[in-house]
Amino acid sequence: MPSKRRYALVGTGNRGTTMWGRDLLKGWSDHVDLVAIVDTNPLRAERARAMIGSDAPILTDLDAMLRGVRPDLVIVCTPDDTHDTIIVRALDAGADVIAEKPLATTPEKIARILEAERRSGRRVDVTFNYRFAPTPARIRELLASGEIGRLLSVDFHWYLDTSHGADYFRRWHAFRARSGSLFVHKATHHFDVLNWYLESDPEAVTTFAALKVYGGNGPFRGTRCKGCPHAARCRFHLDIGADPFLDALYEDPHGVDGYFRDACVFREDIDVPDTMVAAIRYANGVHVSYSLNTAMPVEGHHIAFNGTRGRIELRQYERQPWDKPDHDEILLVRSFPGDREAVERIAVPHFSGGHYGGDDRLRDMLFRPGATDPLGQRAGSRAGAISVLCGIAALESADSGRPVRLREYAGTAGIRGGIA
Ligand SMILES: NC(=O)c1ccc[n+]([C@@H]2O[C@H](COP(=O)([O-])OP(=O)(O)OC[C@H]3O[C@@H](n4cnc5c(N)ncnc54)[C@H](O)[C@@H]3O)[C@@H](O)[C@H]2O)c1
């Protein structure tokens, strides 16, 4: 049996503790061994270690861990603006890296990562789990089959509900300097899955975006939900004490670093848009209309691929105030059916686990020996970089009112061979 990969987990918030701690060790312990836990907040790391069920040592100093433990692999689950520094140090210490999305938040940070990857000869994987969910995989097969002819355009609209959407405004995600905005933090998933579906690079972006619900739009504000005098009338109030997981991981540990898990969504200094639309032109000529709304009564997305011979359409329901179907239904609609059915309804069952089973399949791809990749789902640093640059261009377009070409960033971001 091949030896286990010795990995260090850096960042023990929700994502690190569950996806890359507890759940990874539960399902893939024949292939991985957790040899160190690093977090700048030792109390959160201690709580996380108990939840993970590990006895790995806890360190607060990344470099000391890299020198002393010498892991094969470092999994980076810290806030987005810190990814680059951790990734570069890990690569330079001889480890491979799995980086949580987004890869980084600026072109300069991307360049540092790409350069370190080349210098070290190690590999960076980026966690684009959406590619691994069964429905996108089926859509990708349908696109490749040529059923709808030449692709003309895509309609892609993502809805976050008042629970999930609001959560980004309670934390560091609400600040451009930390997350690059939701065009980067959240839409990196969406832009990446588009790039993967279309097998092309985005070339230019035109956007409108504004902060319309959260931040200064609120009728009142406090510092955080706990103890807030407006709690009874605030529609976005989060009772952290009612969630034992969040309470243990964030409430006492906030005493160490001042990081509240339930900061006010109406803070005046919030500076990321919550309502975004974009038009994207791809290098292969496909046009995309995209939107992201963050305070909806529903959670899920709608995507349609419009081709010369038909259309592929999906409305994926994640949460809404009516019964959720137990499967996705992809519609394959033919413009010129002839003897064939004008519409084919393709049912894809929902799988358990995070991101409709995408999280499990991603871990299989990364850790099960002999995993194959016929659909090109495994994503490296270039995919991570291009999807982030699309988000950076989108924010710049919204700010400046001009169309922005991704090529403007290719040099600064160190993308060899350019974009497109
Ligand atoms: N792929 C997905 O679907 C998915 C889902 C959720 C989160 N994420 C990503 O995972 C990452 C973490 O998200 P989260 O919600 O767990 O965040 P979080 O804020 O809850 O946790 C981050 C942790 O990192 C620690 N930290 C901060 N700076 C550090 C540093 N320099 N060195 C070491 N530790 C440091 C913090 O103390 C905290 O414990 C983000 O990049 C996010 O985008 C991805």
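Asker: Quick one: what's the story with the sheet that holds strand 9 (residues 275–282), residue by residue and with numbers?
Answerer: One open sheet holds the nine strands; their spatial order is 14-13-12-11-7-10-9-8-15, and the pairing between them is mixed. Taken across any chain shown, the strands that pair with only one partner, and hence form the sheet edges, are strand 14 (343–349) and strand 15 (404–405). With seven bridges connecting them, strand 9 and strand 10 (residues 287–296) associate as antiparallel partners. Its bridge partner being in strand 10, A279 is matched across the sheet by S289. Each of strand 7 (151–161), strand 8 (202–210), strand 9, strand 10 and strand 11 (299–307) is contacted by helix 10 (residues 187–198), which is oriented at about 155 degrees to strand 7, the strand it contacts most. Relative to strand 8, helix 14 (residues 381–400) is tilted by about 50 degrees, and along the sheet it contacts strand 8, strand 9 and strand 15.

Asker: Explain the domain arrangement of the protein to me, using residue names and the numbers behind them.
Answerer: For the protein, the assigned domains are domain 1 (5–129), domain 2 (130–214 + 271–351 + 378–413) and domain 3 (219–257). Centre-to-centre, using C-alpha coordinates, domain 2 lies 31 Å away from domain 3.

Asker: Summarise unusual backbone geometry; cite the residues concerned and give the values.
Answerer: For the peptide bond that leads from K101 to P102, omega is -10 degrees, which places it in the cis range. Within the secondary structure, P102 is located in the loop between strand 5 (96–99) and helix 5 (107–120). Of note, the phi angle at R70 is positive, near 45 degrees, even though the residue is not glycine. Note on placement: R70 falls in the loop between helix 3 (62–69) and strand 4 (73–76). The backbone of E199 sits at a positive phi, close to 50 degrees, despite the residue not being glycine. With relative accessibility at 59%, the residue E199 sits in the exposed group.

Cut-offs used in this document
- Residue positions are counted from 1 within each chain, in the order its sequence is given.
- Only residues with pLDDT of at least 70 get local features here, since the model is predicted, and only at 80 or more are side-chain atom pairs given and counted; chain-wide, interface and lining totals rely on the full set of residues.
- Note that water and hydrogens are dropped before the side-chain values are worked out from all heavy atoms of the structure.
- Paired strands are those between which DSSP finds at least two bridges.
- Here a helix means four or more residues in a row that DSSP labels H or I, a strand means two or more in a row labelled E, and each is numbered from the N terminus.
- Residues are treated as being in contact if the distance between any of their heavy atoms lies within 4.5 Å.
- Throughout, an axis means a line fitted to C-alpha atoms (over the contacting stretch in the case of helices), and angles, computed between N-to-C directions, take values from 0 to 180 degrees.
- Where each domain starts and ends comes from a domain assignment, either automatic or drawn from a database.
- Burial classification: accessible surface area is computed with a 1.4 Å probe over protein chains only, and a residue below 20% of its type maximum counts as buried, one above 50% as exposed, and the rest as partly exposed.

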